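One letter stands for each residue in the lines below.
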Amino acid sequence: MMHRPTESAPLLLGWREWLALPELGLPLIKAKIDTGARTSALHAFYVDPFSRGGNRYVRFGVHPLKQCADLVIHAEAEVIDRRRVSDSGGHREERYVIQTPLRVAGREWPIELTLTNRESMLFRMLLGRTAMVAGAARVDPAGSFLTGRVEDAEARYRGG
């Protein structure tokens with residue numbers, strides 16, 4: 001069951017937070033919260049499109065923790081769009097767009113994510129403003145991990 005934040009109680013996020021994308025098998029992923037970005041992005045080091053039942057899907061691989069290149073989560077999702085997206089450097093790239101629930105601080109709502117290789121970036125995920133509007137979230141740019149800190153994310157993935 002999805003619990004949407006209400007207008008009377010917006011979720012307060014810092015400039016970086018630990019989030020979850022449960023339908024993609026990602027219980028934890030550190031994200032940069034970026035009001036300057038319209039679209040949210042998820043690191044995918046490979047993206048393979050395929051068809052199922054006449055619908056477009058993608059299979060993709062994620063290294064959810066920057067310091068753990070050997071930790072790989074394979075996921076698949078239905079493609080809802082392909083869009084040209086500009087990154088922070090002004091480079092344009094055609095990306096697959098998927099929709100999946102985002103979970104943070106006990107709340108959950110659907111967001112759109114573009115898939116792109118963020119290997120060289122500090123954060124494996126970027127949460128853009130359209131996802132924040134959808135979830136009635138606000139950002140305190142001076143805050144960090146306002147929804148909670150995670151001490152050993154690797155152990156959580158590896159079952160420890």
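Scroll up a little and you will see the structure.
Residues numbered from 1 in each chain as written. Predicted model: local features only at pLDDT ≥ 70, side-chain atom pairs only at ≥ 80, totals over all residues. Heavy atoms only, no water.

Asker: Whenever I open this one, the overall build of the protein confuses me. Can you help?
Answerer: A count of helical and extended segments in the protein gives two helices and 11 strands. For the protein, the α and β elements follow one another from N to C terminus as β-β-β-β-β-β-β-β-β-β-α-β-α. Its C-alpha atoms give the protein a radius of gyration of 15 Å, near enough to 15 Å, the size a compact globule of 160 residues would have. The principal-axis extents of the C-alpha atoms in the protein amount to approximately 40 × 35 × 35 Å. A total of 160 residues make up the protein; the buried ones form 45% of that total. Long-range contacts, defined here as pairs at least 24 residues apart, represent 60% of the contacts in the protein between residues at least 6 apart. Of the roughly 8400 Å² of accessible surface on the protein, 47% is carried by carbon and sulfur atoms. (Helix = DSSP H or I, 4+ residues; strand = E, 2+ residues; numbered from the N terminus. Rg over C-alpha atoms; globule rule 2.2 N^0.38 Å. Buried < 20%, exposed > 50% of the residue type's maximum accessible area, 1.4 Å probe, protein only. Contact = heavy atoms within 4.5 Å. Areas by Shrake-Rupley, 256 points an atom, 1.4 Å probe, with all protein chains shown as cover.)

Asker: What should I look at first to understand the side chain of Ser144 in this one?
Answerer: Counting through the fold element by element, Ser144 comes out in the loop between strand 11 (137–139) and helix 2 (153–158). Reaching out from Ser144, the side chain makes a polar contact with the side chain of Arg16 at a distance of 2.5 Å. Residue contacts for Ser144: discarding those within four places in its chain leaves Gly14, Trp15, Arg16, Glu17 and Arg149. (Polar contact = N/O pair within 3.5 Å; in protein donor to acceptor, adjacent residues only side chain to side chain.)

Asker: Before we go on, may I ask you to explain the nonpolar core in this structure?
Answerer: Note on soluble globular proteins: their nonpolar side chains tend to be buried together. Among the nonpolar cores identified, the biggest contains 40 residues, and Leu21, Leu24, Leu42, Phe60, Ile111, Met125 and Leu127 are the most heavily contacted of them. Leave out the neighbours within four places in its chain, and Leu24 touches Leu42, Phe60, Ile73, Ala75, Glu76, Ala77, Ile98, Thr100 and Leu113. (Core = buried A, V, L, I, M, F, W, Y, C linked by side-chain atoms within 4.5 Å.)

Asker: Explain the side chain of Arg95 to me, please; I cannot follow it from the model alone.
Answerer: Note on placement: Arg95 falls in strand 8 (residues 92–104). Taking the relative accessible area as the measure of exposure, Arg95 reaches 9% and is therefore buried. At a separation of 2.8 Å, a polar atom in the side chain of Arg95 contacts the side chain of Glu93. Beyond its immediate sequence surroundings of up to four residues, Arg95 is in contact with Ala41, Asp81, Arg82, Arg83, Val85, Asp87, Thr114, Leu115 and Thr116.

Asker: Explain the layout of surface pockets to me, please; I cannot follow it from the model alone.
Answerer: Each pocket or cavity is described by its volume, and for the largest pocket that value is around 450 Å³. Contributing to the lining of the largest pocket are 21 residues, with Asp87, Ser88, Arg95, Arg118 and Met121 lying nearest its centre. Only strand 7 (73–86) and strand 8 provide two or more residues apiece to the lining of the largest pocket. Grouping the constituent residues of the lining of the largest pocket by class yields seven nonpolar, seven polar and seven charged. Quantified by volume, the second largest pocket comes out at close to 270 Å³. Considering the residues around the second largest pocket, the lining is formed by 16 residues, among which Trp18, Lys30, Leu65, Lys66 and Gln67 are closest to the centre. (1 Å grid on protein atoms, 1.4 Å probe; cavity = no way out; pocket = protein on both sides within 12 Å on 5 of 7 lines; lining within 4 Å. Points joined across faces, edges and corners; volume = space filled by probe spheres on them. Nonpolar A, V, L, I, M, F, W, Y, C, P; charged D, E, K, R; others polar.)

Asker: I'm lost on the environment of Thr116 in this one. Help?
Answerer: On the secondary structure map, Thr116 appears in strand 9 (residues 107–116). When its relative accessible area of 8% is taken as the criterion, Thr116 is described as buried. Between the C-alpha atoms of Thr116 and Tyr46, which are 70 residues apart in sequence, the distance is 8.4 Å. Of the polar contacts made by the side chain of Thr116, one reaches the side chain of Glu93; its length is 2.8 Å.

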